[in-house]
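Per-entry structural report
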Number of protein chains: 2
Amino acid sequence: MKLSNGVEWALHCCVSLSQSRTPVPAARLAELHGIPPAYLAKHLQTLSRAGIVHSTAGQVGGYRLTRSAEAISALDVVRAIDGTEPAYRCAEIRQRGPLAVPAEQCTRPCAIARAMAAAEDAWAGVLSRITIADLASAIDTDSDGAALADLRRWLAAAPR
Amino acid sequence: MKLSNGVEWALHCCVSLSQSRTPVPAARLAELHGIPPAYLAKHLQTLSRAGIVHSTAGQVGGYRLTRSAEAISALDVVRAIDGTEPAYRCAEIRQRGPLAVPAEQCTRPCAIARAMAAAEDAWAGVLSRITIADLASAIDTDSDGAALADLRRWLAAAPR
DNA sequence: GAGACCATACTCGGATATTCACTGTCCGAGTCCGGGCGG
DNA sequence: CCGCCCGGACTCGGACAGTGAATATCCGAGTATGGTCTC
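In this report, the structure presented in the accompanying data block is examined. (Residues numbered from 1 in each chain as written. Chains lettered and ligands numbered in written order. Predicted model: local features only at pLDDT ≥ 70, side-chain atom pairs only at ≥ 80, totals over all residues. Heavy atoms only, no water.)

Some words on the overall build of chain A
From N to C terminus, chain A includes seven helices and two strands. Taken from the N to the C terminus, the helices and strands of chain A come in the order α-α-α-β-β-α-α-α-α. Here the C-alpha coordinates of chain A stretch approximately 70 × 35 × 25 Å along the principal axes. When burial is assessed residue by residue, chain A has 47% of its 160 residues classed as buried. Within chain A, residue pairs in contact and separated by at least 24 positions form 64% of the contacts whose partners lie at least 6 positions apart. Looking at chain A as shown, the accessible area adds up to about 7,800 Å², and 52% of this sits on carbon and sulfur atoms. (Helix = DSSP H or I, 4+ residues; strand = E, 2+ residues; numbered from the N terminus. Buried < 20%, exposed > 50% of the residue type's maximum accessible area, 1.4 Å probe, protein only. Contact = heavy atoms within 4.5 Å. Areas by Shrake-Rupley, 256 points an atom, 1.4 Å probe, with all protein chains shown as cover.)

Pasting the structure below:
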């Protein structure tokens, strides 16, 4: 089980965007995090399609959050980048082989699929209760209030 | 995020093995579940290396569980097949770019990594509390006690 | 001086190569059973 | 009749191709800005 690398970038970008009042170009976000600009752009497009960020074209364009950081959960971001389908996908192998269970008896998922689904629900539950604002706050606490202040200052400074 | 297909096979195989007193060859487990024998063998080898099943060579050889079904959790099987490293791996991008945090300040994981780790802990916690015996019991209940009885009968029958 | 127009530069967006892990398969090494032989 | 030996077949184990998704990149379409020209 491996989570796309872009999830980390997207989360960091959302936290960064939450600290800026003006749109931030993808290239600037990439520079801030030291990651490939072109590839990050692809993930930001995905966030845009998911309705988490809004893109503005033109000279002073860029990305901004569509709603407040309190209203965006970590799960929203993860689902947007990684997709919504569950990690465990039951292939219904109980319906195969010499002891195949007839399809009409399979009204509910098999016990193994139920167990895996319960685990994923617990995982999603934790992430759904964490917001971008929570993450920003935690980062701020870790750095004694310095990190976000520096971040806001850097974002407000002239691009070059 | 995608979980290896072999996880499903491994869980079903463990449940099946819990119903047999004698070793079951990989080919027979594959026939039972209608899946490619050679590929299943690969996963069973992995389970063997993880110490979950024990292999016996020779004419009446095969695989058997190393301990009781109550003592094997679903997490044990998932970790054996899928690996132990977490789905989310922090690349420490906070230490990169113009606002890089000095390494000596990074005594604990960054807030985002902590959040993702908490979610994975919840996921693992659910799976660790589910045993192979629980799964077998649930399957039995679903089928009104028919499935496991049929399974034991089929496993005890002559191979061909 | 004010308004409209236009050239410009900057932005995003999708279409396109490349790499890596998962999927799937095969053949060789090792082992245990069953029959045959000798005592 | 009993024990030993050997042939055989079956088992696992690791080494070897194929495929799809994630990774990484580029260039074209669209837009807001700023300056310039006209009224």
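Topic: the protein's contact with DNA strand C
In the vicinity of DNA strand C lie 21 residues, with Arg49, Ser55, Gly58 and Tyr63 of chain A together with Tyr39 of chain B positioned nearest. Within 4 Å of the protein, the contacting atoms of DNA strand C are 73% sugar and phosphate, with bases supplying the remainder. Here a phosphate oxygen of DNA strand C and a backbone polar atom of alanine 26 of chain A are 3.1 Å apart. One of the side-chain nitrogen or oxygen atoms of tyrosine 39 of chain B is found 2.8 Å away from a phosphate oxygen of DNA strand C. Breaking the surface near DNA strand C down by element, the ones donating at least two residues are helix H3 (37-49), strand S1 (53-56) and strand S2 (62-65) of chain A together with helix H1 (5-17) and helix H3 (37-49) of chain B. The leading source of residues in the surface near DNA strand C is H3 of chain A, at three residues. (Near = heavy atom within 4 Å. Polar contact = N/O pair within 3.5 Å; in protein donor to acceptor, adjacent residues only side chain to side chain.)

A look at the pattern of salt bridges
Under the defined criterion, the tally for this structure stands at 14 salt bridges over all chains. The residue aspartate 142 of chain A makes a salt bridge to arginine 108 of chain B at a minimum N-O spacing of 3.6 Å. With aspartate 142 of chain A in helix H6 (residues 132-142) and arginine 108 of chain B in the loop between helix H4 (74-82) and helix H5 (111-128), the pair connects residues from two separate chains. Assessed through its relative accessible area of 33%, aspartate 142 of chain A is described here as partly exposed. Between aspartate 150 of chain B and arginine 153 of chain B there is a salt bridge, with the nearest N and O atoms lying 3.0 Å from each other. Residue aspartate 150 of chain B and its partner arginine 153 of chain B are located together in helix H7 (residues 146-156), separated by three residues, close to a single helical turn. By relative accessible area, arginine 153 of chain B is classed as exposed at 55%. Each of Arg108 and Arg114 of chain A together with Asp142 of chain B takes part in salt bridges that share partners, so that together they form one network. (Salt bridge = Lys/Arg side-chain N within 4 Å of Asp/Glu carboxyl O.)

Remarks on the interface of chain B and chain A
Contact residues are listed per partner, giving 48 residues for chain B and 48 residues for chain A. Between chain B and chain A lies a buried interface of about 4,500 Å² when both sides are counted; carbon and sulfur atoms form 69% of it. Broken down residue by residue, the surface that chain B buries against chain A is led by Met1, Ile93 and Ile112 of chain B, which jointly contribute 18%. Here chain B and chain A share ten residue pairs in polar contact (both at pLDDT 80 or more) between them. Broken down by secondary-structure element, the contributors of at least two residues to the side of chain B that touches chain A are H1, helix H2 (26-33), H4, H5, helix H6 (132-142) and H7 of chain B. Here the side of chain B that touches chain A takes twelve residues from H5 of chain B, the largest share from any one element. Among the residues forming the side of chain B that touches chain A, the class breakdown is 32 nonpolar, four polar and twelve charged. (Buried area = accessible area lost by both parts, 1.4 Å probe. Nonpolar A, V, L, I, M, F, W, Y, C, P; charged D, E, K, R; others polar.)

Quick notes on the packing of aromatic side chains
Residues and elements named next belong to chain A. A complete count under the given rule lists two aromatic pairs over all chains for this structure. A ring pair is formed by tryptophan 9 and tyrosine 39, whose centres lie 5.4 Å apart and whose planes are at 80°; its orientation type is edge-to-face. With tryptophan 9 in helix H1 (residues 5-17) and tyrosine 39 in helix H3, this residue pair connects regions lying 30 residues apart in the sequence. Given a relative accessible area of 7%, tryptophan 9 falls into the buried group. One Lys or Arg, arginine 28, reaches over the ring of tryptophan 154 and ends 4.0 Å from the middle of that ring. (Phe/Tyr/Trp six-rings, centres within 6.5 Å; stacked < 30°, edge-to-face > 60°. Lys NZ or Arg CZ within 6 Å of the ring centre and 35° of its normal.)

So, the protein's contact with DNA strand D
Around DNA strand D, the structure places 21 residues, and the nearest of them are Ser4 and Tyr39 of chain A together with Arg49, Ser55 and Gly58 of chain B. Restricting the count to atoms of DNA strand D within 4 Å of the protein gives a sugar and phosphate share of 71%. A distance of 3.0 Å is found between a phosphate oxygen of DNA strand D and a side-chain nitrogen or oxygen belonging to serine 4 of chain A. In this structure, tyrosine 39 of chain A approaches DNA strand D through a side-chain N or O atom, which is 2.8 Å from a phosphate oxygen. Looking at side-chain class alone, the surface near DNA strand D contains eight nonpolar, eleven polar and two charged residues.

A closer look at the packing of helix H5 (residues 111-128) of chain A against H5 of chain B
In contact at an axis separation of 8 Å, H5 of chain A and H5 of chain B are set at 155° when each is read in the N-to-C sense. As far as their axial angle goes, H5 of chain B and H5 of chain A are roughly antiparallel. Here H5 of chain A runs over H5 of chain B; the crossing is right-handed. Between H5 of chain A, through Ala115, Met116, Ala118, Ala119, Glu120, Ala122, Trp123, Val126 and Leu127 of chain A, and H5 of chain B, the contact on the second element is made entirely by Ala115, Met116, Ala118, Ala119, Glu120, Ala122, Trp123, Val126 and Leu127 of chain B. Residue classes in the contact of H5 of chain A with H5 of chain B are distributed as 16 nonpolar, no polar and two charged. (Axes fitted to C-alpha atoms, helices over the stretch in contact; angles between N-to-C directions. Parallel < 35°, antiparallel > 145°, perpendicular 65-115°, else oblique. Left-handed = near helix turned anticlockwise from the far one by under 90°.)

Without other data, these values stay purely geometric and don't point to any function.
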